[in-house]
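Residues per chain, in single letters:
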Amino acid sequence: MPTPPIDPTTTSAWQALSEHESTLRPDLRTWFAEDPERAQRLTLQVADLTVDLSKNLVTDETLALLARLADDVHLTDRFEAMLRGEHINVTEDRAVLHTALRRPADAEPPLVVDGQHVDDDVQAVLGEVAEFAEKVRSGEWTGVTGEAVRTVVNIGIGGSDLGPVMVYEALEPYVAPELEVRFVSNIDPTDLAQKTQDLDPTTTLFIVASKTFTTLETLTNARLARQWLWDSLLAGGHIADTDEARRDAVAQHFVAVSTALDKVADFGIDPANAFGFWDWVGGRYSVDSAIGTSLAIAIGPDAFGELLDGFHAVDEHARTTPVARNVPFLMGLLNIWYVNFLGAHTHAVLPYAQQLHRFPAYLQQLTMESNGKSVHWDGTPVTTQTGEVFWGEPGTNGQHAFYQLIHQGTRLVPADFIAVATPAYPLSDGGTDVHALFLANFFAQTKALAFGKTADEVRAEGTPEEIVPARVFSGNRPTTSILAPALTPSVVGQLIALYEHITFTQGVVWGIDSFDQWGVELGKKLAMEIAPAVQGDTAALAAQDPSTRALIEKYLELRG
Ligand SMILES: O=P(O)(O)OC[C@H]1O[C@H](O)[C@H](O)[C@@H](O)[C@@H]1O
């Protein structure tokens, strides 16, 4: 029987936080003026990341109460239960062991879960992935004409796409110059068509990445890619028009990553060219498993190892640091404060690093698929709001688009600002360090959001009285600033693990199962039921509700 969840609203810490909130008057100007140590005290370190929490709407008392809440819901016990491999994914009766994917090879004591020697299995697959990656990188792995691979196309969706593509973009300066990775995810045929239209089939390797190997989008795209490969190899005169030649082409141009190696074989991919993982790795937690094979090829197994080390450094911080100094736990608790006590509906993540431009999209799956739940892990309804909407775009682009609302809108939008000190491309504009100019914006935005601009300050600039209200900035808009030395593989791993554990913390407080995703099932099932109607089956069309039927009819009419 799973441990019953604790309704957080019944804890004494929750009551105390409610009372505290009713009397707290957030005032960052005064708090900083009266407390010269605030910035220093509330700036913490996790691995290479310097995390300044001081511009959040909290006092020391708020943080102490949030730490008490963590105690009341047994946050650290549950984190340890996850690391040990208890089945904290209750609705799927599974362990949750993404942290095991980045344990060092010599970690002690060895992790054995449900009879499985987890460390040995993880290291074995890592070894296979590394060996394969080296073969591709060195040119030892060739296509049907003996040419080395130049382009890797990762076919996957959700967790089998978002993590790899995000990290690939983040670590682009580490990618071997002669290699390129492309990512096909959408079942919109445009995606596959655009990503293959200029490719040479003789130098292209497809990686079909799917935990379940049943996902409609991925399997459809894999079949389209296989057909493209056959057609273009035949058209170029590179293979004979025989089944055997087609089979050989698949063997040399397709590999797979999956937990379902039997299904990989059914597709026609040699299981010898498939890399496995396990049901205790959730899709959105899988970039550090064999799902990262495209990355291991692109950046090399050593850099991939550094990425894993970065994850592990944050795992260790989370495991060993008391809540009061524990960065992911505190950031998760701050999110609870904003969502449940200050009424925030969304959370912005704003990377001041162009290479992190896919990080918000990656976090959307991680956070929202994990914590968008309405029932506790035992099925009882939640008694509080859960999962806020995560969103964002890189700075400074966002400044010229939606920051207006964050600065002056009526909604509270807590925001994480992420920057790196050393740019990959240090350019100078007539003597001006452009990256320094870029980061001036990073520093300025959090300052403006925290301290605002009063009516008197606006007037002092000579602003006509009637425009003064429009030009006032209230301030007290909370931000967390995260500063890293550079976007190294380790730092990227650290950032991902940081948000994994933030997400975990929120899920534990809410008493929900952050590791299932039943909410994605209904739409998938209905799509399969509706597919015949969209292809003209009149009985299936008649069975639809009036709105859906009319929309499909309109579509059929437009298609002509
Ligand atoms: O890796 P796959 O089994 O193909 O799954 C791909 C994705 O699809 C599902 O619908 C889930 O919502 C995601 O969590 C998962 O990452």
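Everything numeric in this text was worked out from a predicted model, so none of it was measured.

> Report on the sheet that holds strand β1 (residues 43–46), specifying residues and quantitative values.
A sheet is described by the order of its strands in space; here six strands give the open sequence β1-β2-β15-β12-β10-β11, paired in mixed fashion. Among the strands making up the open sheet, the edge pair consists of β1 and β11 (389–391). With direction set aside, neighbouring strand axes in the sheet form an average angle of 20 degrees. Where β1 and strand β2 (residues 49–52) come together, four bridges link them in antiparallel fashion. Residue Thr43 lies in a different strand from β2, and its bridge partner there is Asp52.

> Could you give an account of the site of the ligand, naming the residues involved and the relevant values?
Looking at the ligand, there are 14 residues lining it, with Ser160, Ser210, Thr212, Thr215 and Glu369 nearest. A distance of 2.6 Å is found between an oxygen atom of the ligand and a side-chain nitrogen or oxygen belonging to Glu369. Here an oxygen atom of the ligand sits 2.8 Å away from a polar atom, N or O, in the side chain of Lys524. Within the complex, 89% of the 390 Å² of free accessible area of the ligand lies under protein. Taken together, the residues that form the shell around the ligand break down as two nonpolar, nine polar and three charged.

> Tell me what's going on with the UniProt feature "active site" (unreviewed entry) in the protein, and back it up with residues and numbers.
In the numbering adopted here, UniProt assigns the feature "active site" (unreviewed entry) to Glu369, His400 and Lys524. Spanning 156 residues, the named residues are also spread out in space, since their farthest C-alpha pair is 36.8 Å apart. In this structure, Glu369 sits in helix α15 (residues 359–371). Those residues in contact with Glu369 that lie beyond four places of it in its chain are Arg284, Gln364, Asp516, Gln517 and Val520. Only 3.0 Å separates the side chain of Glu369 from the side chain of Arg284, close enough to count as a polar contact. Its place among the elements puts Lys524 in helix α21 (residues 521–534).

> Run through a nonpolar patch on the surface, naming residues and quoting values.
A contiguous nonpolar patch, built from Ile187, Leu216 and Met528 and spanning about 250 Å² of accessible area, is present on the exposed surface. Topologically, Met528 is positioned in helix α21. You can call Met528 partly exposed: its relative accessible area is 48%.

> Before we move on, could you go through the packing of helix α6 (residues 118–138) against helix α13 (residues 301–320) and cite the residues and values that matter?
The angle between the axes and the distance between the axes are what describe a pair of packed helices. Direction vectors running N to C along α6 and α13 enclose 145 degrees, while the axes themselves pass 9 Å from each other. Here Leu126, Ala130, Ala133, Glu134 and Arg137 of α6 come into contact with α13, specifically with Pro301, Phe304 and Leu308.

> Tell me about the pattern of salt bridges, residues and numbers included.
Applying the stated rule across the entire model yields 23 salt bridges. A salt bridge links Glu86 to Arg84, with the shortest nitrogen-to-oxygen separation between them at 2.5 Å. Under the relative-accessibility criterion, Arg84 is labelled partly exposed at 47%. Across the pair Arg459 and Asp456 runs a salt bridge, and its minimum N-O distance is 2.8 Å. One end of the pair is Arg459 and the other is Asp456, both in helix α18 (residues 455–459) and three residues apart, which spans about a single turn. On the accessibility criterion, Arg459 (35% relative accessible area) is partly exposed.

> Can you explain a negative patch on the surface? Please cite residues and give values.
A cluster of like negative charges, contributed by Glu134, Asp302, Glu306 and Asp309, occupies part of the molecular surface. Counting residues per element, the negative patch draws most heavily on α13, which supplies three residues. With respect to the element layout, Asp309 can be found in helix α13.

> Help me get a handle on the sheet that holds strand β7 (residues 204–209), residues and values and all.
Pairing is parallel across the open sheet formed by five strands, whose spatial order is β6-β5-β7-β8-β9. Each having just a single partner strand, β6 (180–184) and β9 (274–276) make up the two edges of the open sheet. Within the sheet, the average angular offset between the axes of one strand and its neighbour, ignoring direction, is 20 degrees. Where strand β5 (residues 151–155) and β7 come together, five bridges link them in parallel fashion. Pairing of Val153 across the sheet is with Phe206, part of β7. This element, helix α8 (residues 189–196), spans β6 and β7 of the sheet and lies at about 165 degrees to β6. Where helix α9 (residues 216–235) meets the sheet, it contacts β5, β6, β7 and β8 (254–258), and its direction lies at approximately 160 degrees from that of β7.

> Describe in detail the nonpolar core, supporting the description with residues and values.
Ranked by size, the top nonpolar core spans 126 residues in total, and within it Phe359 and Tyr499 carry the most contacts. Residues contacting Phe359, with those up to four places away along its chain left out, are Met166, Val349, Ile418, Leu495, Ile496 and Tyr499. Core analysis: the next-biggest nonpolar cluster, separate from the first, contains 26 residues, Val153, Trp230, Ala249 and Phe254 among them.

> Lay out helix α10 (residues 243–253) with the relevant residues and their values.
All buried positions along α10 are accounted for by Ala245, Ala249, Val250 and His253. For α10, the angular spread of the buried residues around the axis is 140 degrees, confining them to a single face. Exposed residues on α10 whose side chains face more than 90 degrees from its buried face are Asp243, Glu244 and Arg247. Looking at the buried positions of α10, the neighbouring elements they touch are β7, α9 and β8.

Parameters and conventions
- Residues numbered from 1 in each chain as written.
- Predicted model: local features only at pLDDT ≥ 70, side-chain atom pairs only at ≥ 80, totals over all residues.
- Heavy atoms only, no water.
- Pairing = 2+ DSSP bridges.
- Helix = DSSP H or I, 4+ residues; strand = E, 2+ residues; numbered from the N terminus.
- Axes fitted to C-alpha atoms, helices over the stretch in contact; angles between N-to-C directions.
- Near = heavy atom within 4 Å.
- Polar contact = N/O pair within 3.5 Å; in protein donor to acceptor, adjacent residues only side chain to side chain.
- Areas by Shrake-Rupley, 256 points an atom, 1.4 Å probe, with all protein chains shown as cover.
- Nonpolar A, V, L, I, M, F, W, Y, C, P; charged D, E, K, R; others polar.
- UniProt positions renumbered as here; feature names shortened; annotations may be inferred.
- Contact = heavy atoms within 4.5 Å.
- Patch = residues over 30% accessible without salt bridge, like charges linked within 9 Å, V, L, I, M, F, W, Y side chains within 5 Å.
- Salt bridge = Lys/Arg side-chain N within 4 Å of Asp/Glu carboxyl O.
- Buried < 20%, exposed > 50% of the residue type's maximum accessible area, 1.4 Å probe, protein only.
- Lys, Arg positive; Asp, Glu negative; His and termini not counted.
- Charge placed at Lys NZ, Arg CZ, Asp CG, Glu CD.
- Core = buried A, V, L, I, M, F, W, Y, C linked by side-chain atoms within 4.5 Å.
- Arc of directions from axis to C-beta.

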